[in-house]
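# Inside the fold
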Amino acid sequence: MIPYGKQVIDEADVSAVVDVLRSDYLTQGPKVGEFEQAVASYTGAKYAVAMNSATSALHCACLALGLKEGDTLWTSPISFVASANCARYCGADVDFVDIELATGNISASALRDKIAECTRAGKPLPKILVVVHFSGQPADMAEIRALASEYSIKIIEDGAHAIGARYQDQKTGSGQFSDITIFSFHPVKVVTSGEGGMAMTNCAELESRMRVLSSHGITRDFSQFTALEHEPWAYEQQALGFNYRMSELHAALGLSQLTKLDTFVQQRRQIVEVYDQAFDALGCRTLAYRTDRLSAHHLYSVGLPERVDRAAAFTALRELGIGVNVHYIPIYKQPYFKALGFSEDYCLNAERFYESLITLPLHPSMSEGDIAKVIESVTQVIGFD
Ligand SMILES: *Cc1c(COP(=O)(O)O)cnc(C)c1O
């Protein structure tokens, strides 16, 4: 089976992890800080806080921005559930802004309409908007940021797909258009640390809050103390935090992988160019790419032509050894979210997008033979117009 996504690990990655195993620190040593520094300097962000997953980073980001019971967070329905769950961890409500069909990204005009509708109906606006960069292509950040600023809405970029992406002349994570950006280093993502995530920000206050929250709510920085004496052994728990720390092993792998990020993205882009040409010719709905940005190409999702039965094609492709998947089932369809009152077809564009959606294998370790096999199999299964 050619999987839809897969890590690429070389000998340098292996020795980086083995070196840590032979060192004094398996956790809370120097590697985590080095990894944070490296991602901060790659993206152009001032601060980075490494955690054990992007989900943890989303949770701490929401808490650091003050999200609590009675507040609302808006996000895209075409995302992994973690983009919405972070609100629920804080006791806040979730709502969804529809996407644009061409890119799968949250639609700036749907956002404008939803804000207007809420204002008219006297309904509260969200405290936070989580913007997902679907498949690795940045959303319309300038328009979204302008709208959000006008209504004092904070922005978290869910960049789980988008490390290595560019928007205008900035790398995703630079924070030019948001308060916090989070990345994931799960093995299917563009670079991996095994499990892991990171929160990027340019605000010292947010950095400090996320760092404290990700390690039990404890600080050892005397300048931050509010109660205890500055005794040499003193530490202060100031909030209910978590153990969301990244280990040294994970950080060492992430650091080593980061040196290959631009190459991985380039290799992914080359495969996408071949795919787009082949699948356009078969009448698939390939993603539109905006000219002022570059995708990191985490996922290759296409819409199958209307004549094709998606479920039958999915099964046939799996039988041919193609590890197809679907990214994503609109979040509001999940029973947990349905129970919160969302209807089956809550966002119309998300419904249309999802209906025919299929994810095909995309990772830098695919051989030319693998790429040809995917194209041949799809051609065989869906045929021409
Ligand atoms: C993978 C993913 C996450 C969660 O990342 P983890 O590191 O596995 O917690 C969040 N959001 C999106 C859009 C993702 O694809």
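Residues take numbers from 1 onward in each chain, read along the sequence in its written order. Two thresholds apply to this predicted model, a pLDDT of at least 70 for residue-level local features and 80 or more for giving and counting side-chain atom pairs, whereas whole-chain, interface and lining totals are computed over all residues. Side-chain numbers here rest on the full set of heavy atoms in the structure, without hydrogens or water.

### A look at the nonpolar core
Let me state the cut-off plainly: Here, the term nonpolar core denotes a set of buried Ala, Val, Leu, Ile, Met, Phe, Trp, Tyr and Cys residues that are joined through side-chain atoms within 4.5 Å. Burial classification: accessible surface area is computed with a 1.4 Å probe over protein chains only, and a residue below 20% of its type maximum counts as buried, one above 50% as exposed, and the rest as partly exposed. Working definition: helices are DSSP H or I runs of at least four residues, strands are E runs of at least two. Numbering for both runs from the N terminus.
The biggest cluster of nonpolar side chains holds 49 residues, and the ones touching the most others in it are Phe96, Ile156 and Met210. The leading source of residues in this core is helix α3 (residues 54-64), at seven residues. The next biggest cluster of nonpolar side chains, apart from the first, holds 26 residues, and it includes Leu258, Leu261, Phe264 and Ala296.

### Focus: the packing of helix α9 (residues 261-281) against helix α13 (residues 368-382)
The test is simple: Angular values range over 0 to 180 degrees, each being the angle between N-to-C directions of two axes fitted as lines to C-alpha atoms, with helices fitted over their stretch in contact. An angle below 35 degrees is read as roughly parallel, one above 145 as roughly antiparallel, one from 65 to 115 as roughly perpendicular, and any other as oblique. Throughout, a crossing is termed right-handed when the near helix is turned clockwise from the far one, and left-handed when it is turned anticlockwise from it by less than a right angle. Contacts are residue-level and defined by heavy atoms, with any inter-residue pair within 4.5 Å sufficient. Just so you know the grouping, Ala, Val, Leu, Ile, Met, Phe, Trp, Tyr, Cys and Pro go in nonpolar, Asp, Glu, Lys and Arg go in charged, and all remaining residues, Gly too, go in polar.
Here α9 crosses α13 at 20°, and the two axes come no closer than 11 Å. By the criterion of interaxial angle, the relationship of α9 to α13 is roughly parallel. Here α9 and α13 pass one another in a crossing that is right-handed. Note on element contacts: α13 touches α9 through Ile371, Val374, Ile375 and Val378, opposite Ile271, Val274, Tyr275, Ala278 and Phe279. Residue composition of the contact of α9 with α13, by class: nine nonpolar, no polar and no charged.

### Digging into the sheet that holds strand β6 (residues 166-167)
Definition in use: Here the rule is simple: two strands pair whenever DSSP picks up at least two bridges between them.
Overall, antiparallel pairing links the three strands, which are arranged β7-β6-β12 in an open sheet. Either end of the sheet is taken by a strand with one partner, and the two such strands are β7 (170-171) and β12 (293-294).

### With respect to the pattern of salt bridges
Selection criterion: Salt bridge, as applied in this entry: a Lys or Arg side-chain nitrogen positioned within 4 Å of an Asp or Glu carboxyl oxygen.
Applying the stated criterion across every chain, the model contains 17 salt bridges. With a closest N to O distance of 3.2 Å, Glu36 and Arg211 form a salt bridge. With Glu36 in helix α2 (residues 30-43) and Arg211 in helix α7 (residues 204-213), this residue pair connects regions lying 175 residues apart in the sequence. For Arg211, a relative accessible area of 33% gives the class partly exposed.

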